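Survey of secondary and tertiary structure
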Amino acid sequence: MYLRHAVPLFTAAVSLTLASVPVGGLNANASGREHHAPAHACSPYVDIDGFSDELDKTTLNGIPVAELSGLTHDTNGRVLAVADNSYLFTLDQHDNKPLDAQPLAYPDGADVDSEAVAVNPDGTRLISDETTPGVLTFTRSGRFVGRLPVPDALKVAPAGRATHNLTFEGLTLLAGNRTLIASMEGALAGDAPDIRRFQTWQRIGNSNRFRPGPQFAFRTDPGLDISDITSTGDGRLLVLERTYTAGVGNTVHLVLADLTHAGDVTSTAAVEDDQPGVRPVASRLLADIGACPSHGATTKQAQPNPLLDNIEGVTVNGRGKDGKLNLLMVSDDNQRPSQITRLYSLTAWLPHS
């Protein structure tokens, strides 16, 4: 059953206290100066705590800290940010300053079109490659180990039904680290325009090998693609949807997804809206990020809210004693002067299914 609901918005300020350590640098406005405005509501479920542009147009050892597309946490708690330009950055978990930039490449030296990242319990990295598409395994030191099997339908045409540059954009391990999920950015040929496939893999024993598992259908809001997914820790997912309209700017939605009652569509050649016999992933809109207070943000291009940019990555950054999640999001500047590398700190309350 499709459960996407638009939530009513309100403007009253709210104050939330987290037990987790505050994310450093995210209480600054665009100039980098500290401000102390109280947290404000984006919706009944999500609150914007702050943002930082301190990484924008910076470098680390001559490498641009740019094109950041996916986020997760390493086994030591540090933030990992994967970049489209074939780098994996390590950020300090307290102030988000870059500590390391690790190149990502195939054994033949070819670059990886890296879009999302997850981490195995032993610290090995799982990186999605949007071009192949594929899910690749790298050691902590950056050595390529191998790749997971991908169903033929998810490969780029003519080998499959996917569109170039619209494949594995999101990647996450569910709680317990037994199930890996990759989200397709765009629709497969033959599927309805708002249907996106979620491919799962199941871990084999205690190894870092996976076998393909069920595939699920997720319905996006009209006109939006999926830019990232992350586990909420309770079996559900947060899904980041976004699009860009020239002269208008970005639309970014944060959605809660529950796969519990979704049906396996691996063998379904075409998934249509409200198709009999197909049970898509249940979902609920948590917030339209454009409805968040701007917190003094500025923008380099037209945006419906100056806080917005090309937001592509999201991860859970802690949980408060009250059960609310602290989230970290990042925007991809594509190394363009008109776009910003921006980190966002948000707090989210997850309604029951």
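All of these numbers come straight from a predicted model, not from anything done at the bench.

Calculation rules
Residues numbered from 1 in each chain as written. Predicted model: local features only at pLDDT ≥ 70, side-chain atom pairs only at ≥ 80, totals over all residues. Heavy atoms only, no water. Helix = DSSP H or I, 4+ residues; strand = E, 2+ residues; numbered from the N terminus. Buried < 20%, exposed > 50% of the residue type's maximum accessible area, 1.4 Å probe, protein only. Contact = heavy atoms within 4.5 Å. Areas by Shrake-Rupley, 256 points an atom, 1.4 Å probe, with all protein chains shown as cover. Pairing = 2+ DSSP bridges. Salt bridge = Lys/Arg side-chain N within 4 Å of Asp/Glu carboxyl O. Axes fitted to C-alpha atoms, helices over the stretch in contact; angles between N-to-C directions. Disulfide = S-S within 2.5 Å. Phe/Tyr/Trp six-rings, centres within 6.5 Å; stacked < 30°, edge-to-face > 60°. Core = buried A, V, L, I, M, F, W, Y, C linked by side-chain atoms within 4.5 Å.

Glancing now at the overall build of the protein. In terms of helices and strands, the protein carries zero helices and 23 strands. Within the protein, the proportion of its 353 residues that are buried is 58%. Put simply, of all contacts in the protein between residues at least 6 apart along the chain, 57% involve residues at least 24 apart. Total accessible area computed for the protein in this model is approximately 13800 Å², and 53% of it derives from carbon and sulfur atoms.

Of all six residues making up strand β23 (residues 343-348), six are buried, and the element is well covered by its neighbours. Residues of β23 alternate between two faces, with L343, S345 and T347 on one and Y344, L346 and A348 on the opposite face, all of them buried. In the sheet, strand β2 (residues 46-52) pairs with β23 via six bridges, with the strands oriented antiparallel. Bridge pairing links D47 to T347 in β23. In the sheet, strand β22 (residues 325-331) pairs with β23 via six bridges, with the strands oriented antiparallel. Along β23, the bridge assignment pairs M329 with Y344.

Of note, L346 is situated in strand β23. Of the residues examined, L346 reaches a relative accessible area of 1% and is grouped as buried. Once the C-alpha coordinates of L346 and H40 are considered, the two residues, 306 residues apart in sequence, prove to be 9.7 Å apart. Ignoring anything within four residues of it in the chain, the contact list for L346 reads V46, D47, I48, D49, I289, L325, N326, L327 and M329.

Taken as a whole and judged by the stated rule, the model has 17 salt bridges. D234 serves as the salt-bridge partner of R236, at 2.9 Å between the closest nitrogen and oxygen. Judged by its relative accessible area of 42%, D234 falls in the partly exposed class.

With antiparallel pairing, the four strands of this open sheet are ordered in space as β9-β10-β11-β12. Looking at which strands have only one partner, the edges of the open sheet turn out to be β9 (114-119) and β12 (144-147). Each strand axis lies, on average, 30 degrees off the axis of its neighbour in the sheet, ignoring direction. Summarising the sheet, strand β10 (residues 125-129) and strand β11 (residues 134-138) pair through five bridges and their orientation is antiparallel. Within the sheet, the bridge partner assigned to R125 lies in β11 and is F138.

Disulfides are covalent bonds that link the sulfur atoms of two cysteine residues. If you walk through the whole model with that rule in mind, you get one disulfide. Here C42 pairs with C292 through a disulfide, and the sulfurs are 2.0 Å apart. Disulfide C42-C292: torsion about the S-S bond near 110 degrees, hence right-handed. Of this pair, C42 sits in the loop between β1 (40-41) and β2 while C292 is found in the loop between β20 (282-288) and β21 (311-319), placing the two residues 250 residues apart along the sequence.

Two numbers describe a pair of aromatic rings. These are the distance of the centres and the angle of the planes. Considering all chains together, one arrives at six aromatic pairs under this definition. Aromatic side chains Y45 and W349 sit 5.2 Å apart centroid to centroid with 10 degrees between the ring planes, which places their arrangement in the stacked category. Here Y45 is found in the loop between β1 and β2, whereas its partner W349 is found in the segment after β23, with 304 residues between them in sequence. Ring geometry for Y87 versus F89: centroids 6.1 Å apart, planes at 35 degrees, classification tilted.

Right, let's get into the nonpolar core. Counting residues in hydrophobic clusters, the biggest one holds 27 residues, and the most contacted among them are V46, I289, L327, M329 and L346. Elements represented by at least two residues in this core include exactly β2, β18 (237-245), β19 (249-258), β20, β21, β22 and β23. L154, F168, L173 and L188 belong to the second largest nonpolar core, which has 17 residues in total.

Before going further, it helps to spend a moment on the sheet that holds strand β13 (residues 168-173). Strand order in the open sheet formed by four strands is β13-β14-β15-β16, and the pairing between neighbours is antiparallel. With partners counted over all chains shown, the strands left at the sheet margins are β13 and β16 (210-219), one partner each. Adjacent strand axes in the sheet meet at a mean angle of 20 degrees when their direction is disregarded. In this structure, strand β15 (residues 195-203) lies alongside β16, joined through eight bridges in antiparallel fashion. Within β16, the position partnered with Q199 by the bridge is Q215.

Moving on, we get to unusual backbone geometry. Look at the link from T132 to P133: it is a cis peptide, with omega at -10 degrees. Cis rather than trans, the peptide bond between A157 and P158 has omega equal to 10 degrees. The residue P158 is located in the loop between β12 and β13 in this model. A positive phi angle, near 60 degrees, is found at K57, a position not held by glycine. By secondary structure assignment, the location of K57 is in the loop between β2 and β3 (59-60). Its identity as a non-glycine residue notwithstanding, H295 has a phi of 55 degrees, on the positive side. Considering the arrangement of structural elements, one finds H295 in the loop between β20 and β21.

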